[in-house]
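# Fold and contact review
Residue-level listing of the chains:
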Amino acid sequence: MFSKFRHTGEVATQDELLFTTPFGYMFPDAAHSASHLLPESPETLTALRQLGDAMASDVIAAPNDSDIPAMFTYLGQFIDHDLTARTDRESATSTLGRGEPVTPRDPDEVVAHLRNGRRPQFDLDSVFGDGPSLAQGSETESDTLYTPDFHLHVFNPTATRRDVPRGPSRGAVIADGRNDENPNISALHCAFLLLYNKIYDAQVAGTPACKHIRARQLTRWAYQYVVVQDYLPTVCDQAIVIDTLVNGPRYYGNTAGHGQNFMPLEFSTAAFRFGHTMIRPEYRLQTTEPTISVMDLLGPSRPDVNGDPIGTFFDTTDAVPHQLRDSAILDFTLFAGTGPNVQMARKIDSNIARGLGMLPLGDRQGDPILGHLAKSNLIRGYSLSVPTGQACCEAMGVKPMSRKDMADGESADVAAVLTDTALGQRTPLWYYILREAGAQAGGNHLGELGSRIVCETIVGSLKTDPNSYLNANDLAVTPLGINVGGAVISTLTELLNHAGVGPVA
Ligand code: HEM
């Protein structure tokens, strides 16, 4: 079933795929030019491993907080799961694990064989799946997500106890299993289930199927509006957000002359993985609970010997032992808004939390590359022939950082890799974008190249989609936000409050 979708395991294609759409390169000329790629050699692989180790050494003593509330990290992960999937599937096209040699793949082979398991649109296919079936007698894979009256199933017996629906094995029954990888993302997924149900209940006219279509549309538009007006200005350079919205994307989407929509590998394999540095090493889920390390937070999706999730977030004596226990239900006031106790995301820079070098995720655990988030990002980019940071700068007319710019102020271990290896001149895109954010924006948002690639992809996707709010002529789309019936939503805080998981100040 499609909720098996995870970062782990080699699930058979037919088991996990609802959609297949193309990957491509935003800069295909660079991907086909050896001098615009990392040098193909065993030394490059060694240098990438060294860089990964140095990035995950967590030598910074201070908390390394940014100005960004922590829920934006998980809104980012939620967006990722709505748009893109399967660059990390171990396959002939992309092999990192199990000690096999890693060599860069021919870009044409990558585009021909690697398939995205998501539609690259902000359509919440990760929430709605391909359902429900609207014609009498027909079936969809996603029917199990819905009640007979077109609500999405959610576990919400009291105002504060809420969770994504789970089966007896505790695994979430949702359209993308990755949205149950940690309690922070599953709480946000749950908020979207509640939001849709509330918008559905506000519909007064039409058959249940018509109400569903309208409520789904309004939920999508509210989410899209929040992405454009709140998320992008928070994580990107605001001038670049405005430029891309006003003048249109120049390298991606219809306005850039691409006929077919595709997911750019520069985004999914590098630029949008910037969110990995925002992950804190620990979180407090509730005011009265102790902090929990990120390693333990990833526990619920850790499979036991039967492949079922285990973890510390369930209580076998509970009346409903397969749903999260009370103390694991996330208090959103600790993650979003401007309240005094909000935890902040870590800075967007080249230093990632130490636990992420030892991912406790299923069969990744213990693997020297797949079990290490920095190394898997760096080496995935190498194996999928993603152009270097400098090559992307050249393609977008952005002045690249010099080797010295990058090394100055870096930890001694990272600086040594930049100085002593070829990576200082042909720099992996993921690292480049993080270093740029640290150097240009103090880690509080992406720098020039990172902002451009992220804005191009997100705004390009929305402008290309005839059903997005940017292309809608509808009274619900107002200059102040999306009128979902009973509320106008323009920010993440408003979205959460309308879903009923607040009040977030
Ligand atoms: C605790 C939080 C997170 C964990 C444990 C996690 C883990 C992972 C792992 C293991 C991969 C596959 C790596 C590979 O082998 O290539 C991955 C891919 C990815 N991650 Fe994360 N991630 C987290 C949060 C985020 C956030 C916050 C963002 C963005 C804001 C993000 C964006 C991505 C993207 C774009 C991909 C590629 C998806 C695809 O296959 O197309 N992740 N993540």
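Heads up: these notes are all about the structure in this document. Owing to the predicted nature of the structure, the values given are computational and were not obtained by experimental measurement.

## Things to note about the pattern of salt bridges
The full count for this structure, using the stated rule, is 17 salt bridges. For Arg161, the salt bridge identified is with Asp318, shortest N-O distance 3.3 Å. A residue pair is termed long-range when its members are at least 10 positions apart, and Arg161 in the loop between helix H6 (125-128) and helix H7 (183-201) and Asp318 in the loop between helix H11 (294-297) and strand S7 (344-346) qualify at 157 residues. Exposure class is identical for Arg161 and Asp318. Each is buried. With a shortest N-O distance of 3.0 Å, Arg214 and Asp474 are connected by a salt bridge. One end of the pair, Arg214, is in helix H8 (residues 208-235); the other, Asp474, is in the loop between helix H17 (448-464) and strand S8 (477-478), with 260 residues separating them in the sequence. Accessibility expressed as a relative area gives 29% for Arg214, which makes it partly exposed.

## A look at the site of the ligand
Within the structure, the ligand sits among 25 residues, and Thr84, Thr87, Arg273, His276 and Arg380 are positioned closest to it. Measuring from an oxygen atom of the ligand, one finds a side-chain N or O atom of Thr84 at 2.5 Å. Take Arg364: an N or O atom from its side chain is 3.0 Å from an oxygen atom of the ligand. Counting only elements with at least two residues in the shell around the ligand, the list comes to helix H4 (71-83) and helix H12 (373-383). A per-element tally of the shell around the ligand places H4 first, with four residues. Looking at the shell around the ligand residue by residue, the class counts come to seven nonpolar, 11 polar and seven charged.

## A look at unusual backbone geometry
That bond from Gly131 to Pro132 is cis: its omega, 0 degrees, falls within 30 degrees of zero. Going from Gly502 to Pro503, the amide bond is cis rather than trans, its omega being 5 degrees. Inspection of the secondary structure assignment puts Pro503 in the segment after helix H18 (492-499). Positive phi values are uncommon outside glycine, yet Arg86 reaches one of about 85 degrees. Looking at where Arg86 falls in the secondary structure, it is placed in the loop between H4 and helix H5 (107-113). We note that Ser385 has phi near 55 degrees; this positive angle belongs to a residue other than glycine. The residue Ser385 is located in the loop between H12 and helix H13 (389-396) in this model. Judged by its relative accessible area of 4%, Ser385 falls in the buried class.

## Describing the sheet that holds strand S1 (residues 21-24)
With mixed pairing, three strands are arranged side by side in an open sheet as S3-S1-S4. Of all the strands in the sheet, just strand S3 (115-116) and strand S4 (263-264) have a single pairing partner and so form its edges. Note: S1 against S4, two bridges, orientation parallel. Bridge pairing in S4 places Phe23 opposite Met263.

## Some thoughts on the coordination of the iron atom of the ligand
For the iron atom of the ligand, the protein contributes exactly one donor atom, His276 (NE2), at 2.1 Å. With respect to the helices, strands and loops of the structure, His276 is situated in the loop between helix H10 (265-268) and strand S5 (282-283).

## Digging into the side chain of Asn182
Following the sequence through the fold, Asn182 ends up in the loop between H6 and H7. Looking at Asn182, the relative accessible area reads 5%, which means it is buried. Of note is the side chain of Asn182, whose polar atom sits 3.0 Å from the backbone nitrogen of Asn184. Apart from the residues within four sequence positions on either side, Asn182 is in contact with Tyr74, Gln77, Leu297 and Leu298.

## Points about the side chain of Asp349
Of note, Asp349 is situated in the loop between S7 and H12. Although Asp349 lies buried, it forms no salt bridge, and the closest oppositely charged side chain, Arg346, sits 5.6 Å away as judged by the N-O distance. Engagement of the side chain of Asp349 in a polar contact is seen with the side chain of Asn64, the distance being 3.3 Å.

## Concerning the packing of H7 against H8
Contact geometry for H7 and H8: axes closest at 8 Å, N-to-C directions at 130 degrees. Between H7 and H8, the interaxial angle falls into the category oblique. Note on packing geometry: the crossing formed by H7 with H8 is right-handed. Of the residues in H8, those in contact with Phe192, Leu195, Tyr196, Ile199 and Tyr200 of H7 are Pro208, Lys211, His212, Ala215, Arg216, Leu218, Thr219 and Tyr223.

What counts as what
- Residues numbered from 1 in each chain as written.
- Predicted model: local features only at pLDDT ≥ 70, side-chain atom pairs only at ≥ 80, totals over all residues.
- Heavy atoms only, no water.
- Salt bridge = Lys/Arg side-chain N within 4 Å of Asp/Glu carboxyl O.
- Helix = DSSP H or I, 4+ residues; strand = E, 2+ residues; numbered from the N terminus.
- Buried < 20%, exposed > 50% of the residue type's maximum accessible area, 1.4 Å probe, protein only.
- Near = heavy atom within 4 Å.
- Polar contact = N/O pair within 3.5 Å; in protein donor to acceptor, adjacent residues only side chain to side chain.
- Nonpolar A, V, L, I, M, F, W, Y, C, P; charged D, E, K, R; others polar.
- Pairing = 2+ DSSP bridges.
- Donors = N, O, S within 2.8 Å, 3.2 Å for Na, K, Ca; no water.
- Contact = heavy atoms within 4.5 Å.
- Lys, Arg positive; Asp, Glu negative; His and termini not counted.
- Axes fitted to C-alpha atoms, helices over the stretch in contact; angles between N-to-C directions.
- Parallel < 35°, antiparallel > 145°, perpendicular 65-115°, else oblique.
- Left-handed = near helix turned anticlockwise from the far one by under 90°.

Geometric descriptors of this kind do not, in isolation, establish any biological role.
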